[in-house]
Structure formats: C-alpha cells, structure tokens
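If you want the building blocks of each chain, they are given just below.
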Amino acid sequence: MEVTVLIPNYNGLKFLYDCIDCLKKQSTKDFRILVVDNASSDKSVEWLKENNIDTLVLDKNYGFAGGVNAGIKEVDTAYTILLNNDTKADIYYVENLLKSIKAEKKTFSVSPLMIQAQDNSLVDDAGDGLCIIGFAYQIGVGETVKRYNKKKKVFAACAGAAIYDTALLKEFGAFDEAHFAYLEDVDLGYRARLYGYDNLYEPSARVIHIGSATSGSKYNDFKVKLAARNNIYLHYKNQPLPQLIINALPIALGMFIKLLFFAKKGFAKAYTEGIKEGFASYKRCKRVDFKKVKLSTLIIIEFELIINMFKFVLHFIKRRIDRLR
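Participant: How do you make sense of the overall build of the protein chain when you look at a structure like this?
Facilitator: When its secondary structure is counted, the protein chain shows ten helices and twelve strands. For 325 residues, the compact-globule estimate of 2.2 N^0.38 gives 20 Å, and the protein chain sits close to it at 19 Å. Dimensions along the principal axes, computed over C-alpha positions, put the protein chain at roughly 55 × 50 × 45 Å. Expressed as a percentage of contacts within the protein chain between residues at least 6 apart in sequence, the contacts between residues at least 24 apart total 77%. Here the protein chain displays about 15400 Å² of accessible surface, and carbon together with sulfur accounts for 58% of that area. Averaging the coordinates of the 47 positive side-chain charges in the protein chain and doing the same for the 37 negative ones gives two points 6 Å apart.

Structure below.
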C-alpha cells in the first residue's frame, strides 16, 4: 500500500461513523486506515474493534501532536494522510492527494480543500498561512469555494486532512509534542520550508469539515491559551536571532491586536496566561538547526511573511464585503 490514513481520536465516536464510512467509499483502495485513540471514554475503542478498524490505543490523552506522533511511528507506507475524525471525505480525496504529492519534486505536504460543514459553498481551509505580525491563519476561510480552484504553494498544510511524505515527516521529527495541540502543523510546515521543501494546496481533493469538534467551540479558554503559548514557540523555533530581532516589533503589534480581540470575546485572561507560559517555557523547544538552512531561504520566507500580511488583510476585507451582500 502507498498511504496510511491516520485518524487521531479523542471521544469522537459520534464523528467516526461518517468519517470511516467515507473512506470505505474511496475511488482507490490502496490505503490503510489507522486510528490513534487518546484514551477515549466514549466507547470509541470498542466500536473500532467491533468494526475491525486498526487502532492504536494510548494510555492517556497526549493531545493531537503526541497522539499523531505515536501513530506515525507505526506507519510503513510512503505517504501518510492525517485526517480529523470530524470530516467527510469526497470519493476522490485519497486518490487526488496521492496524485498531487507524487507529481511535484521537493514536496513535503499537500493540503486539500476543506469545506465548511455548515455551508458547503464556503471554504474552511485551503492551506495555512503565516504573516509578519505573527498571525497564523486558514487561507480562504469564509470565502466562496469557487475562488479556490487552483493548485498552488502555501506556507503550510493543515494537518486536519493533509498528506505528507512519510520519510521526510520522520526525518523532520514529526510534530512537536510541546505544542500538545494547535499550530503544530504550521510549525512543521515552517520547518519543512526552511529545509528546502514545499507545501501545496490541491483543490481537487476535498473534505467536509465540522471544526473544533474535540475542543468543543471555536473559542474557549483551553484553545486560546494553548494557541497563544504555541505562537511563542512557533517563532522562537523557526527564526534565527537576527530575524527574531527584526520581527520583534511586528510580532508585538500582532500580540496586542489579538489581546484586544480576545478581550472583546471575554478571553483576555486566557490569552495573557498563554503568552506568559510561552515566554516562561520556550527554551524547552528544540530549535531548527540553522546551520542547515540557506540564507537565501530565510530571506525568501521573510519576504513571504510580509506579502502574507497583505494577503491576510485582503482576505479580511473580502469577508466583510461578502457579509454585506
């Protein structure tokens, strides 16, 4: 088999039915399904065993990063697809992801078109971006699907439904378990970029995505705190000191904007606690070996971070216009 579809699960039994049923209907059968269960208490494991689904059962909840990493160690196929349990894959999803990653040299990952379950005409994610003020964002979220019909390079793939080169995935150390959850996919994609590999977006591979199924909501104290902390990790690990100094002011501005945003949402305390924890614990993170990174690559990525700032603002404006229509 060429690919393993790895599904992390934590109390997601109500989503597993549809997720796995869609995989059984794929146009290609050349893949293995492996579910990694983070010590669920909702009888997920019992159901998986009853239906003869290969399952790796962990002794506790290791988060997305830890759970997925445990599964990656068991993968012996050339490619690995990571698929959230709250997704419904199109019949050609696996086939088209495989074709896409095999078609381009130096490709580390390919992100599919993720579509909102609440409105199938809107994008949930068309790859992930990162900009100079430190904002990691879902490309195309909330915009119409028809605007995202071309294959292109993206900053990082969304690990909710992306395919990865397994050998490179293991070579780059997979996901940083210090993150536990949130931004670990942007971090991994950033690392791959620094080492000279590309992350792509493939619109012909599609999944319907509910979103925030495990955390329970788009914004909550747990999610806001971890994302704030992990944002500190993300920049510390992937930018050499001179670049961090150059970007310090824009990143500080971005943190201030987020503080205002989360204060309005009622999550100012969670956000500030996450920032404090990030600065207190960032040294436990393993940084990229910048001796292996070309200066030209750092310069290209720096300019991309700046350009992505304008793309992010343009996307923000488009969404506001769409809402007014």
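Participant: Would you explain unusual backbone geometry in this entry?
Facilitator: One non-glycine residue, A39, lies in the positive phi region at around 60°. Looking at where A39 falls in the secondary structure, it is placed in the loop between β2 (31-37) and α2 (44-50). Judged by relative accessible area, which is 32%, A39 ranks as partly exposed. Phi is positive for Y182, which is not a glycine, with a value near 85°. Checked against the element boundaries, Y182 lands in the loop between α5 (166-171) and α6 (184-194).

Participant: How should I be thinking about the packing of helix α8 (residues 241-265) against helix α10 (residues 295-324) in this particular structure?
Facilitator: Geometrically, a packed helix pair is captured by the angle between its two axes and the distance between the axes. Running from N to C, α8 and α10 point in directions that differ by 15°, and their axes come no closer than 12 Å. As far as their axial angle goes, α10 and α8 are roughly parallel. Between α8 and α10 lies a crossing whose hand is right-handed. Contact residues: Q243, I246 and N247 in α8; L298, E302 and L305 in α10. Its residues placed into classes, the contact of α8 with α10 shows three nonpolar, two polar and one charged.

Rules behind the numbers
- Residues numbered from 1 in each chain as written.
- Predicted model: local features only at pLDDT ≥ 70, side-chain atom pairs only at ≥ 80, totals over all residues.
- Heavy atoms only, no water.
- Helix = DSSP H or I, 4+ residues; strand = E, 2+ residues; numbered from the N terminus.
- Rg over C-alpha atoms; globule rule 2.2 N^0.38 Å.
- Contact = heavy atoms within 4.5 Å.
- Areas by Shrake-Rupley, 256 points an atom, 1.4 Å probe, with all protein chains shown as cover.
- Lys, Arg positive; Asp, Glu negative; His and termini not counted.
- Charge placed at Lys NZ, Arg CZ, Asp CG, Glu CD.
- Buried < 20%, exposed > 50% of the residue type's maximum accessible area, 1.4 Å probe, protein only.
- Axes fitted to C-alpha atoms, helices over the stretch in contact; angles between N-to-C directions.
- Parallel < 35°, antiparallel > 145°, perpendicular 65-115°, else oblique.
- Left-handed = near helix turned anticlockwise from the far one by under 90°.
- Nonpolar A, V, L, I, M, F, W, Y, C, P; charged D, E, K, R; others polar.

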